[in-house]
Amino acid sequence: MESLINKNILLGVTGGIAAYKSAEIVRGLKKAGSSVRVVMTQSAQEFITPLTLQALSGNPVSTDLLDAEAEAAMGHIELARWADAILIAPATANTIARLSSGRADDLLSSITLAFDGPIGLAPAMNQAMWKDERTQSNIKNLENKDFSLYGPGSGEQACGDIGLGRMLEPSEIVELFASLFKAGSLSNKSVLITAGPTQEPIDPVRYVTNRSSGKMGYALAEAAVEAGAQVTLVSGPVNIKPPASCNFISVETAQEMYDAVMHHVSGKDVYIGTAAVADYSPTKVEGSKIKKDGSNESLVLEMKENQDILKTVSDKEDRPYVVGFAAETEDLLKNARKKLEKKKLDLIIANDVSDKSIGFDSEENEVTLITNSEEVLLDRSSKKKIAKRIVEFISNN
Ligand SMILES: Cc1cc2nc3c(=O)[nH]c(=O)nc-3n(C[C@H](O)[C@H](O)[C@H](O)COP(=O)(O)O)c2cc1C
């Protein structure tokens, strides 16, 4: 549990029977070397007193949002800035619903909304409340927003029911929470990613391009940075901000992307080609705008095939682990497998772009990871979440 040493942990305690166990969680976090500040909801104070948690944490416990004195001492925004991570244990069905809908009408929900770091939740509730589809949909929503979930466990409950809903034991929660700070799965690895479309000029004002928002590539770059990798992102024109700590190279044409990749690929551990590179580009780029003056009813563009960046990378002698994408509209898995073999890839990620809800511009995706020996379906989820799972898969291979 070394990863918790010198960390500032904000523990949120909400109003469930398991709240008494939060005392043990405070002790566990402190023992692991963290500074702990506790925020309690109104209901939580019916189950355990702030005094107990104040004595154990060694810090004043915060309970009110609209308390001038508390706000002057350490207000909600300051608490959000102070914390390296937030752990909410126990997390009631009510708090889960409120976090899912982005409420900010008490201290804990306001801090959580203002906080820009990892948040862990240890749900605890009656088994019927947990099973209810509204709770399940709130949980799914929060998971998609990168909340980490610890439990719940199963067994006999305080109300006499048996089933899923028990809060995990404090020691288990602290151990799972500590893994948020473990060295990333790609630390000491270097990753080169291409993203977005390319634009092949016809004349100074027109170009041929492919559909691509760049969202998946940027999400992968972010996930790889978070996993500790040194990331180089070569991107065609898109409207997304690249992750702050990556080496960002902006290109326009397929040739520029090819040159940038060849320049940066040597010594890389992983290459991920998500860019929708134009297969062809006009043989001749007109120096001035082609006029529509009525003399030509049709316009014929002669195109030449562009170099295959993915294939060139995988043909290299000192090749990295090569990952490609297959955006297909039919025979998804068959076509993806063909591409895996033909381009000698280590991994291909197949997605069905005929389905608009997971296609080019959407926030979600559903993909199948295919290697020579396995096939793993990643269920529909946010592109961010899918990117994390892909990075996890790559780091295990
Ligand atoms: C005795 C008792 C035990 C409760 N235990 C739980 C529980 O374990 N989990 C839960 O989600 N709600 C539980 N509740 C309901 C919550 O206290 C209630 O939904 C409350 O509004 C939660 O507020 P909070 O999420 O702001 O803390 C319990 C209520 C009572 C009266």
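Predicted model, so just to flag it, every value in this text is computed and none were measured.

Conventions we followed
Residues numbered from 1 in each chain as written. Predicted model: local features only at pLDDT ≥ 70, side-chain atom pairs only at ≥ 80, totals over all residues. Heavy atoms only, no water. Helix = DSSP H or I, 4+ residues; strand = E, 2+ residues; numbered from the N terminus. Buried < 20%, exposed > 50% of the residue type's maximum accessible area, 1.4 Å probe, protein only. Areas by Shrake-Rupley, 256 points an atom, 1.4 Å probe, with all protein chains shown as cover. Lys, Arg positive; Asp, Glu negative; His and termini not counted. Charge placed at Lys NZ, Arg CZ, Asp CG, Glu CD. Pairing = 2+ DSSP bridges. Contact = heavy atoms within 4.5 Å. Axes fitted to C-alpha atoms, helices over the stretch in contact; angles between N-to-C directions. Near = heavy atom within 4 Å. Polar contact = N/O pair within 3.5 Å; in protein donor to acceptor, adjacent residues only side chain to side chain. Nonpolar A, V, L, I, M, F, W, Y, C, P; charged D, E, K, R; others polar. Core = buried A, V, L, I, M, F, W, Y, C linked by side-chain atoms within 4.5 Å.

On a plain count of helices and strands, the protein comes out with 14 helices and 19 strands. Looking at the protein residue by residue over its 397 residues, the buried ones come to 48%. Carbon and sulfur atoms make up 47% of the accessible area of the protein, which amounts to about 20,100 Å² in all. Side chains of the protein give 43 positive and 54 negative charges; the mean places of these two sets differ by 2 Å.

Of all eight residues that make up helix α5 (residues 93-100), six are buried, and the element is covered over most of its length. Of the positions making up α5, those classed as buried are A93, T95, I96, R98, L99 and S100. Among the residues trailing α5, G102 stands out with phi positive, at a value near 75 degrees.

Turning next to the pairing of strand β8 (residues 190-195). Burial within β8 is extensive, with six of its six residues counted as buried. The alternating pattern of β8 places S190, L192 and T194 and V191, I193 and A195 on opposite faces, both of which are buried. Relative to strand β11 (residues 230-235), β8 runs parallel, the two being bridged by six bridges. Its bridge partner lying in β11, A195 is registered against S235. Judged from the four bridges that link them, β8 and strand β13 (residues 270-273) form a sheet pairing that is parallel. Bridge pairing in β13 links T194 to G273.

Our next topic: the sheet that holds strand β3 (residues 85-91). Adjacent strands of a sheet pair through backbone hydrogen bonds, lying either parallel or antiparallel. On the basis of which strands lie adjacent, the open sheet formed by five strands has the order β2-β1-β3-β4-β5 and parallel pairing. The open sheet has two edge strands, β2 (35-40) and β5 (148-149), and neither has a second partner. Across two bridges, strand β4 (residues 119-123) lies against β5 in parallel orientation. By the bridge assignment, L121 is partnered in β5 with L149. On top of the sheet, helix α1 (residues 22-31) reaches β1 (8-13), β2 and β3; it is set at about 175 degrees to β1, its chief contact. The sheet strands contacting helix α9 (residues 170-178) are β1, β3 and β4, and the helix crosses β3 at an angle near 155 degrees.

The next point concerns the side chain of K343. Residue placement: K343 occurs in the loop between α13 (332-342) and β17 (347-352). K343 sits in the buried class, given a relative accessible area of 15%. Once residues lying within four places of it in the same chain are set aside, the contact partners of K343 are D308, L310, K311 and S314.

What follows deals with the site of the ligand. The environment of the ligand is made up of 14 residues, and the closest members are G15, T41, T92, A93 and T95. Between the ligand and the protein, one listed contact pairs an oxygen atom with a side-chain N or O atom of T92 at 2.5 Å. One nitrogen or oxygen atom from the side chain of T95 is found 2.5 Å from an oxygen atom belonging to the ligand. Calculation on the ligand without its partners gives an accessible area of 640 Å², and the protein chains cover 63% of this total. Here the element with the most residues in the shell around the ligand is α5; it accounts for three residues. For the shell around the ligand, the residue count by class is six nonpolar, eight polar and no charged.

To continue, consider the nonpolar core. Within the largest apolar cluster, 33 residues are counted, with the highest numbers of intra-cluster contacts made by L220, I272 and I390. Listing elements by their share of this core, those giving two or more residues are β8, α10 (215-226), β11, β13, β16 (321-328), β17, β18 (364-370) and α14 (383-395). In terms of residue count, α10 provides more of this core than any other element does, seven residues in total. Among residues more than four places away in sequence, those in contact with I272 are V191, L192, I193, T194, L220, V323, F325 and I394. Grouped together as the second largest cluster of nonpolar side chains are 31 residues, I9, I25, A124 and V174 included.

Just distances and angles here, no functional claims.
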